[in-house]
Amino acid sequence: MKRLAGSLLVITLILFSIPALALNQPPVNLGFTNFLDGASPGPGWYLTEYFQFYNADDLEGDNGQTLDDDLDLDLFVNLNQIIYQSDITFLGGNPGLDIIVPLVDVDVDSDVPGLTANDGGFGDILVGPFIQWGPHMLLDRPYFHRFEFQVVAPTGKYSDSYGLNPGANVWQINPYYAFTYFLTPKLTTSLRFHYLWTEENDDHPSPFDVQAGQAIHFNYAMAYAVTDFLRLGVAGYYLKQLEEDEFDGDNIDDTEEEVFAIGPGLVWHITKDLTFMGAVNFETEVENRPDGIRSTLRLIWKFW
């Protein structure tokens, strides 16, 4: 009986190796958007291409302790986004629709049992109706803002044989409010604040149904126009899980994820209809997540 109990304990620890580290939050907007985020050049059709590269060599636990200092995680994400902003006036702003189709490639080498990657493929498709406002005047300075009700469908590649997948296998509700405020004619500050809810994953790599706790996350940026075409600044993001993860309806202690990041960035207005943005973010204050560096390139084209 003692041997049986010991064997069951070992099996349980292995099965819980991934859930105990959390890692159950789905992929969200960490650093994809930053500078001038709440602003819009006006009604029309936009194509936005994002390229994000993430590398992590540490896996942090619930108190920030390193659980795997030999981790080698490489993630590449390409977001293909179509935005339509109408010229109709509704609630004082212009309504529109946002659609994003991700392509994801992930590779991981880890000492943690079960932390394996399901290679590359399509991620989960995002659809979000929105209303864009501005410019309004706030303290005699221009203020742009937008609300979007994002819904993410579980359309991405997923298998319960892997700890990391291009898709999350859950429906997500991830609305946000974003603004850009011109502190001076050359100095701007921007913020995008998200709330995140995810449904229960009944096809989790562990033998349990798992639901990630509700979370908030935001992207922030500040930039200064050094020329008419170039802005330089700092940008980053923060994610904080507010509730513990649930396994078959029971809360699991110390599974909340957290991360803060900051780094340099720039905005280059190539033409009036074509803009390039880039940023490099260095993560810190990490709990229950990999700890790494995230680099993002973004190209925005107003094509009609």
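Residues numbered from 1 in each chain as written. Predicted model: local features only at pLDDT ≥ 70, side-chain atom pairs only at ≥ 80, totals over all residues. Heavy atoms only, no water.

Under an unreviewed UniProt entry, the name given to the chain is Phenol degradation protein meta, and the source organism is Abyssobacteria bacterium.

## A look at the environment of I131
On the secondary structure map, I131 appears in strand β6 (residues 126-138). Overall, the relative accessible area of 13% leaves I131 in the buried class. I131 has contacts with F90, L91, G93, N94, P95, H145, R146 and F147, leaving out every residue within four places of it along the chain. (Helix = DSSP H or I, 4+ residues; strand = E, 2+ residues; numbered from the N terminus. Buried < 20%, exposed > 50% of the residue type's maximum accessible area, 1.4 Å probe, protein only. Contact = heavy atoms within 4.5 Å.)

## A look at a nonpolar patch on the surface
Taken together, the side chains of W45, I82, Y84, L97, I99, I125, V127, W301, F303 and W304 present a nonpolar region at the surface, about 900 Å² in accessible area. Sorting the residues of the nonpolar patch by element identifies β3 (72-85) and β4 (94-109) as the ones contributing at least two each. Inspection of the secondary structure puts F303 in the segment after β19 (290-302). (Patch = residues over 30% accessible without salt bridge, like charges linked within 9 Å, V, L, I, M, F, W, Y side chains within 5 Å. Areas by Shrake-Rupley, 256 points an atom, 1.4 Å probe, with all protein chains shown as cover. Salt bridge = Lys/Arg side-chain N within 4 Å of Asp/Glu carboxyl O.)

## Side note on the environment of H204
Mapped onto the elements of the fold, H204 is located in the loop between β11 (187-198) and β12 (210-211). A sequence separation of 45 residues divides H204 from S159, and the C-alpha atoms of the two residues are 8.5 Å apart. Within polar-contact distance, the side chain of H204 engages the side chain of N24 at 2.8 Å. Among the polar contacts listed, one links the side chain of H204 to the side chain of S206, at a separation of 3.0 Å. (Polar contact = N/O pair within 3.5 Å; in protein donor to acceptor, adjacent residues only side chain to side chain.)

## Brief notes about the pattern of salt bridges
Across all of its chains, the model carries six salt bridges by this definition. Across the salt bridge formed by R192 and D37, the nearest N and O atoms sit 2.7 Å from each other. With a gap of 155 residues between them, R192 in strand β11 and D37 in the loop between α1 (2-15) and β1 (44-60) connect regions that are remote in the sequence. Comparing R192 with D37 shows no difference in burial state: the two are buried. The residue K240 makes a salt bridge to E258 at a minimum N-O spacing of 3.3 Å. With K240 in strand β14 (residues 230-241) and E258 in strand β17 (residues 258-271), this pair connects stretches of sequence that are 18 residues apart. Taking relative accessible area as the criterion, E258 reaches 15% and is therefore assigned buried.

## Thoughts on the packing of aromatic side chains
Taken as a whole and assessed by the stated rule, the structure comprises 10 aromatic pairs. For the ring pair W301 and F303, a centre distance of 5.4 Å and an interplane angle of 50° mean the geometry is tilted. A residue is classified by how much of its surface remains accessible, and F303, at 34% relative accessible area, is partly exposed. Here a set of aromatic residues connected by ring pairs shows up, and it is made of F218, Y220, Y238 and F260. Geometry around Y176 places R192 over its ring, the cationic atom sitting 3.9 Å from the centre. (Phe/Tyr/Trp six-rings, centres within 6.5 Å; stacked < 30°, edge-to-face > 60°. Lys NZ or Arg CZ within 6 Å of the ring centre and 35° of its normal.)

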